[in-house]
Amino acid sequence: MLELRYRGSCPGPGEAVSPPPREGEAAGGDHETESTSDKETDIDDRYGDLDSRTDSDIPEIPASSDRTPEILKKALSGLSSRWKNWWIRGILTLTMISLFFLIIYMGSFMLMLLVLGIQVKCFHEIITIGYRVYHSYDLPWFRTLSWYFLLCVNYFFYGETVADYFATFVQREEQLQFLIRYHRFISFALYLAGFCMFVLSLVKKHYRLQFYMFAWTHVTLLITVTQSHLVIQNLFEGMIWFLVPISSVICNDITAYLFGFFFGRTPLIKLSPKKTWEGFIGGFFSTVVFGFIAAYVLSKYQYFVCPVEYRSDVNSFVTECEPSELFQLQTYSLPPFLKAVLRQERVSLYPFQIHSIALSTFASLIGPFGGFFASGFKRAFKIKDFANTIPGHGGIMDRFDCQYLMATFVHVYITSFIRGPNPSKVLQQLLVLQPEQQLNIYKTLKTHLIEKGILQPALKV
């Protein structure tokens, strides 16, 4: 049998497998076999390097240009690079926090648009890295198909959200009824169209690279679109489930940086040489305290604790409700060691404050591993930042690498320990049913309530 020289037993892209010698040629076919093998070796030498590059062969992506405003450059020109970076990061951080407060004031819908905008920008930054790394090979349709798949996945997830939370609005619009009724079929058909386009775009010399980039696109979609969808799901549970986790990650990022900047001496992890144990530990305690206080403040206001609902009568999102027990003050007995410290036996807390400790702990101990993961990714492709969108901070993905991991945890936490039946959602589903179905449900519910003694049976006249 012939041996194929492609670093393994399988032929590589573009290689032709030589047929076995015909009967009668086995004894004298050595020269022909050698010639065929040489031809395969030439093909392997020409194209095999595309699929077998090592890390050292990956081209360096040009460093991003400095986009720091000139006014800041002039004001900080007399400082060392270390302090200059500290001031730039600090000023831009305060600016972003101020804008975030403004968007919170503008309401839930603007927060959803913010999440969508961040998702698209993060997707763009990751896809651009892949495009730059493999740009010299001119992969056909790579960028077009990447954005097409982004559109398809967003259509699917946001369509699911519309079907779940806007049922009464959809009921009034006949065109939307059709789209929602066949939403999953339409989503699948759109994805299949992109899949077929990818298969038709395959080029003989670039098979493996094209599949690399196909996988690159889908992993990027998993990281960005799926997680941003979970963020919006958390927001619908109540703005507090959106704000406390996100602000905890931001607090941990800031305080870990400050503790590391002023007290850092001991390196934490090789992937991020600037991260220190002092920053990690200081960030943990600061974040837990911050989360506990933030939970206490936000739990007082319906605007933050009530689930976000769409009211068809006013055609807008509303946050009005009777706060659940999570957001009502409860009295707790303190354990003995805290009694001695605080010199009191009982304390009044919102139950959500206890949950905030779990959220803050995850944000400060596990959340940073999202940043370490991103650091390893950047090192693999020899880049400092994902982009240069924010001076002193890098790209949007550099700021939100920990948020995506946090979003998944919060969603799992809510579904596992918090969420119960949602009366508003059940009512919306009932309103979509046919009148006969609604009447049957009414009769069944009435009978059930009479049997439990909640309703009195009607008197027969």
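A few points on the structure. This one's a predicted model, so the numbers in the text were calculated from it and none came from an experiment. (Residues numbered from 1 in each chain as written. Predicted model: local features only at pLDDT ≥ 70, side-chain atom pairs only at ≥ 80, totals over all residues. Heavy atoms only, no water.)

### Some thoughts on the state of the cysteines
Reasoning step 1: Within this structure, the stated rule accounts for one disulfide.
Reasoning step 2: The disulfide partner of Cys 306 is Cys 321, and the gap between their sulfur atoms is 2.0 Å. What sets the handedness of the Cys 306 and Cys 321 disulfide is the S-S torsion sign, and at about -90° it is left-handed. Here Cys 306 is found in the loop between α12 (302-305) and β3 (309-311), whereas its partner Cys 321 is found in the loop between β4 (316-318) and β5 (330-333), with 15 residues between them in sequence. (Disulfide = S-S within 2.5 Å. Helix = DSSP H or I, 4+ residues; strand = E, 2+ residues; numbered from the N terminus.)

### Description of the nonpolar core
Reasoning step 1: By size, the foremost hydrophobic cluster in this structure holds 39 residues, and its most contacted members are Leu 111, Ile 240, Trp 241, Phe 242, Leu 243, Phe 352 and Leu 359.
Reasoning step 2: Within the residue set of this core, elements represented by two or more residues are α3 (81-106), α4 (108-133), α9 (207-236), α10 (239-263), α11 (277-298), α12, α14 (351-365) and α16 (396-418).
Reasoning step 3: Per element, the largest residue contribution to this core is eight residues, and it comes from α10.
Reasoning step 4: Mapped onto the domain boundaries, this core takes at least three residues apiece from domain 1 (65-106) and domain 2 (108-422).
Reasoning step 5: Beyond its immediate sequence surroundings of up to four residues, Ile 240 is in contact with Pro 245, Ala 295, Leu 298, Ser 299, Phe 304, Val 305, Phe 327 and Phe 352.
Reasoning step 6: Grouped together as the second largest cluster of nonpolar side chains are 32 residues, Ile 118, Val 153, Phe 214 and Ile 390 included. (Core = buried A, V, L, I, M, F, W, Y, C linked by side-chain atoms within 4.5 Å. Buried < 20%, exposed > 50% of the residue type's maximum accessible area, 1.4 Å probe, protein only. Domains from an automatic or database assignment. Contact = heavy atoms within 4.5 Å.)

### As for the side chain of Asn 252
Reasoning step 1: Inspection of the secondary structure puts Asn 252 in helix α10.
Reasoning step 2: With a relative accessible area of 9%, Asn 252 lands in the buried category.
Reasoning step 3: Those residues in contact with Asn 252 that lie beyond four places of it in its chain are Gly 283, Phe 284, Thr 287, Ala 363, Ser 364 and Pro 368.

### What about the pairing of strand β6 (residues 346-349)?
Reasoning step 1: Of the two faces of β6, the one holding Val 347 and Leu 349 is buried and the one holding Arg 346 and Ser 348 is not buried anywhere.
Reasoning step 2: Sheet topology places β5 next to β6; four bridges connect them, and they run antiparallel. Counted as the bridge partner of Gln 330 is Leu 349 from β6. (Pairing = 2+ DSSP bridges.)

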